[in-house]
Amino acid sequence: LLALRTFVRQFAPDGLLDVVPVWLLSPETMAILFPREPLFDLVVFDEASQCTVESGLPVLLRAKRVVVAGDEKQMPPTSFFQMGGSSDDEAGSDASGADPAPDDDVPDDERDVRDMLSAESLLTLTRSRVRHTALEWHYRCQDESLIAFSNHAMYGGGLLTIPSTLRADAAPGLRFIQIENGAYDAGANAMEAERVVDLVAELLAEPKPPTIGVVSFNLKQRAAVLDVLERRASADAAFGEAWASAEANERLDERPFVKNLEAVQGDERDVIIFTLAHAPVTRTRKSGVADLYVPARFGPLGQRGGERRLNVAISRAKQRCYIVSSFSPEQLSTAGSSHVGPQLFKRYLEYTQYASEGHVAQAEGILDRVRESRRPTHVAGRALPIDGYVPLATQLGMALEAAGIAHELNVGTSDFRVPIALVDPLDPTRFTLAILVDETGGDASAYDTFVHRPNVLRDRGWQVLRVDAATWCRRPDQVIREIKEQLEALSIRK
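Conventions adopted
Counting of residues starts from 1 at the beginning of each chain's written sequence and follows it residue by residue. Reporting in this predicted model follows two pLDDT cut-offs: at least 70 for local features of residues, and 80 or more for side-chain atom pairs to be given and counted; totals over whole chains, interfaces and linings ignore these cut-offs and use all residues. The basis for the side-chain values is all heavy atoms of the structure; hydrogens and waters are excluded. In these notes, a set of buried Ala, Val, Leu, Ile, Met, Phe, Trp, Tyr and Cys residues joined through side-chain atoms within 4.5 Å is what counts as a nonpolar core. Relative accessibility thresholds used throughout: buried, under 20% of the residue-type maximum; exposed, over 50%; partly exposed, between the two (1.4 Å probe, protein chains only). Pairing of aromatic side chains requires ring centres within 6.5 Å, counting the rings of Phe and Tyr and the six-membered ring of Trp. Pairs whose planes differ by under 30 degrees are stacked, by over 60 edge-to-face, and all others tilted. Counting from the N terminus, the helices are the DSSP runs of H or I reaching at least four residues and the strands are the DSSP runs of E reaching at least two. Between N or O atoms, a polar contact is any pair within 3.5 Å; within protein, one atom must be a potential hydrogen donor and the other a potential acceptor, and residues adjacent in sequence are included only when both atoms are from side chains. Working rule for contacts: check all heavy atoms of both residues, and any pair within 4.5 Å makes them a contact. If DSSP finds at least two bridges between two strands, the strands pair. Working convention: axes come from line fits to C-alpha atoms, limited for helices to the stretch in contact. Angles between N-to-C directions cover 0 to 180 degrees. As a working rule, the residues Ala, Val, Leu, Ile, Met, Phe, Trp, Tyr, Cys and Pro are called nonpolar, Asp, Glu, Lys and Arg charged, and the rest polar, with Gly in that last group. What makes a patch is a set of residues exposed beyond 30% relative accessible area and free of salt bridges, joined within 9 Å when like-charged and within 5 Å when nonpolar (Val, Leu, Ile, Met, Phe, Trp, Tyr). Shrake-Rupley sampling with a 1.4 Å probe provides the accessible areas, and residues are treated as covered by the protein chains on show and by no other component. The term salt bridge refers to a side-chain nitrogen of Lys or Arg lying within 4 Å of a carboxyl oxygen of Asp or Glu. The sense of a crossing depends on the near helix, which, turned anticlockwise from the far helix by less than a right angle, makes the crossing left-handed and, turned clockwise, makes it right-handed.

(A) Spatial organisation of the nonpolar core. Counting residues in each nonpolar core, the largest one holds 40 residues, and the members touching the most others are Phe149, Phe274, Phe345, Tyr348 and Leu349. Ile179, Ile212, Ala224 and Val225 belong to the second largest nonpolar core, which has 24 residues in total.

(B) Looking closely at the packing of aromatic side chains. As enumerated under the stated definition, the model contains 11 aromatic pairs in all. When the ring of Phe149 is compared with that of Tyr351, the centres are 6.1 Å apart and the planes differ by 35 degrees; the resulting orientation is tilted. Taken together, the residues Phe149 in helix α8 (residues 145–155) and Tyr351 in helix α13 (residues 340–356) connect sequence positions 202 residues apart. Accessibility classification places Phe149 together with Tyr351 in one group, the buried group. Centroid distance Phe431 to Trp462: 5.7 Å. Interplanar angle 15 degrees. Geometry classified as stacked.

(C) Inspection of the side chain of Ser216 at higher detail. Along the polypeptide, Ser216 turns up in strand β4 (residues 212–216). Using a relative accessible area of 1% as the deciding quantity, one classes Ser216 as buried. Separated by 2.8 Å, the side chain of Ser216 and the backbone oxygen of Asn218 make a polar contact. The contact partners of Ser216, leaving out residues within four places of it in the chain, are Gln221, Arg222, Lys259, Asn260, Leu261 and Thr275.

(D) Representation of the sheet that holds strand β10 (residues 332–333) within the structure. In spatial order, the strands read β7-β8-β10; together these 3 strands make up an open sheet with mixed pairing. Two strands bound the open sheet, and with one partner strand each, they are β7 (281–284) and β10. With 2 bridges joining them, strand β8 (residues 290–295) and β10 adopt parallel strand pairing. Its bridge partner being in β10, Val294 is matched across the sheet by Leu332.

(E) Summary view of the environment of Gly397. By secondary structure assignment, the location of Gly397 is in helix α15 (residues 392–402). Each C-alpha atom of the pair Gly397 and Glu408 lies 8.0 Å from the other, and the pair is 11 residues apart in sequence. Sequence-distant contacts of Gly397, that is, excluding residues within four places in its chain, are made with His407, Leu409 and Ile420.

(F) Layout of helix α12 (residues 306–313). Within α12, 8 of the 8 residues are buried, which leaves the element mostly enclosed by the surrounding structure. Those residues of α12 not exposed but buried are Gly306, Glu307, Arg308, Arg309, Leu310, Asn311, Val312 and Ala313.

(G) The arrangement of the packing of α12 against α13 in detail. For the pair α12 and α13, interaxial distance at closest approach is 7 Å and the crossing angle is 35 degrees. In contact with Gly306, Glu307 and Leu310 of α12, α13 contributes Val340, Gly341, Leu344 and Phe345. When grouped by side-chain class, the residues that make up the contact of α12 with α13 number 4 nonpolar, 2 polar and 1 charged.

(H) Structural view of a nonpolar patch on the surface. A grouping of Leu2, Leu4, Phe7 and Phe11 is seen on the molecular surface, where their side chains present a nonpolar patch of about 360 Å² in accessible area. One can find Phe11 in helix α1 (residues 4–11). With relative accessibility at 32%, the residue Phe11 sits in the partly exposed group.

(I) Layout of unusual backbone geometry. A positive phi angle, near 65 degrees, is found at Asn181, a position not held by glycine. Checked against the element boundaries, Asn181 lands in the loop between β3 (174–178) and α9 (190–204).

(J) Structural context of the pairing of β7. Sheet analysis places β7 next to β8, joined by 4 bridges and oriented antiparallel. Residue Thr282 lies in a different strand from β8, and its bridge partner there is Leu292. Counting the residues between successive antiparallel strands, the hairpin from β7 to β8 contains 5 residues, one of them, Gly288, with a positive phi of roughly 90 degrees.

(K) Expanded view of the packing of α8 against α13. At their nearest, the axes of α8 and α13 sit 11 Å apart, and the two run at 145 degrees to each other. Crossing of α8 over α13 shows right-handed handedness. Along the contact surface, α8 presents Ser145, Ala148, Phe149, Ala153 and Met154, while α13 presents Leu344, Arg347, Tyr348 and Tyr351. Residue composition of the contact of α8 with α13, grouped by class: 7 nonpolar, 1 polar and 1 charged.

(L) Fine view of the pattern of salt bridges. In the structure shown here, the tally under the stated rule is 19 salt bridges. Between Glu194 and Arg231 there is a salt bridge, and its shortest N-O distance comes to 3.4 Å. Here Glu194, found in helix α9, pairs with Arg231, found in helix α10 (residues 219–235); they are 37 residues apart in sequence, far enough to count as distant. For Arg231, a relative accessible area of 48% puts it in the partly exposed group. Its salt-bridge partner being Asp267, residue Lys259 comes within 2.6 Å of it at the nearest N-O pair. Using a relative accessible area of 23% as the deciding quantity, one classes Lys259 as partly exposed. Overall, the relative accessible area of 14% leaves Asp267 in the buried class. Three or more residues joined by partner-sharing salt bridges are found here, namely Arg140, Glu268, Asp270 and Lys318.

Right under this line is the structure:
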């Protein structure tokens, strides 16, 4: 009986890959099992922002072609909770205590190798050396508000997201829950942990329970939540049964989890619940006035690159996201923070609170401010084609208003928006019909304009109608009549 490594190395060049052509492996396992030959036609690195260069390079030797996929705005390889090196190592001394040789004395090829191995990740290394393509569309979040902050704060609004059929006055996808009398005690907040488990119980009691993930900002709060879950499952038979059933799900990626911030990259669930743990403390200003504030001490979130950890955490939810907090956003003090992570975190909490309360204009104002702070270059407005020009969507909107048809213009939070969204006559909290017009394609290809964009809207529950400028110019009454007929047909169908 051969060991697996011996078996693979013996038969990989002689037909093993014909029998088993697809392998799912970690970089380390790939390097151990397979000989140092380009045996694979294609190797794909996923989550390459977390793959170190030294782990990735041996795998490159086993491939004829390589695709490196990852997001540089998400977490790099991290050792935050691992044992750190000695102070000598951090100071840059070698094992003998001698100073490293200056770069002037290092041969060019050795300097190139040193620079290569010092790259943050395999993604960082390859991005500047090979052709790369950025993905434009985000599909995970079924409610745009769940990804809107990440889109504007981290990607400058460059992601295209799909508008939801839910209107602003419907139940929001983002929900900010502030609890009273929460207390931060040695890293844990028992009141918040109880409220989080209450939420889990409510979600599991729904007719179709969603998949659930709980994210804490430190390990002690994670332990506090797990303790409450265990006690509730023991004391409440119905909850215990529901929780056990969820944990027994055949699909690993649908089982509930409770993780700290550092461990959630790659995860996604229908509902994500955040527990912030921190609570206000009293401070006395120089004037003698006492007030409550929350110091911006959120572990790795407050360090260099903390904004990437925030980006990972707040983009895990597909349907809903709950923020359970013992403080209001304005109580979080970021004045002394030298890194951008805590500042963006405060903005995110403000955005969540506004979105949760249905204050659409204030929430969009937060998005505008974070986008401009992350992408400060001024973009000149597009000049009007001719004096007195009125966009086609506006012309249609005025005609629909005159006809008494409820609608909204420019629905969405990214560069992909529904020009005219008609309100469902049977459910005023939802949209039902998206009217697409010629002027909203921008730089989109013909495939994007006429196939992909209508299809992604249909996948999210929209009915789609396209109106071109020529038809509107020649037969506006007929266009309005067709819109009315389609609305009536949708109402009858329901």
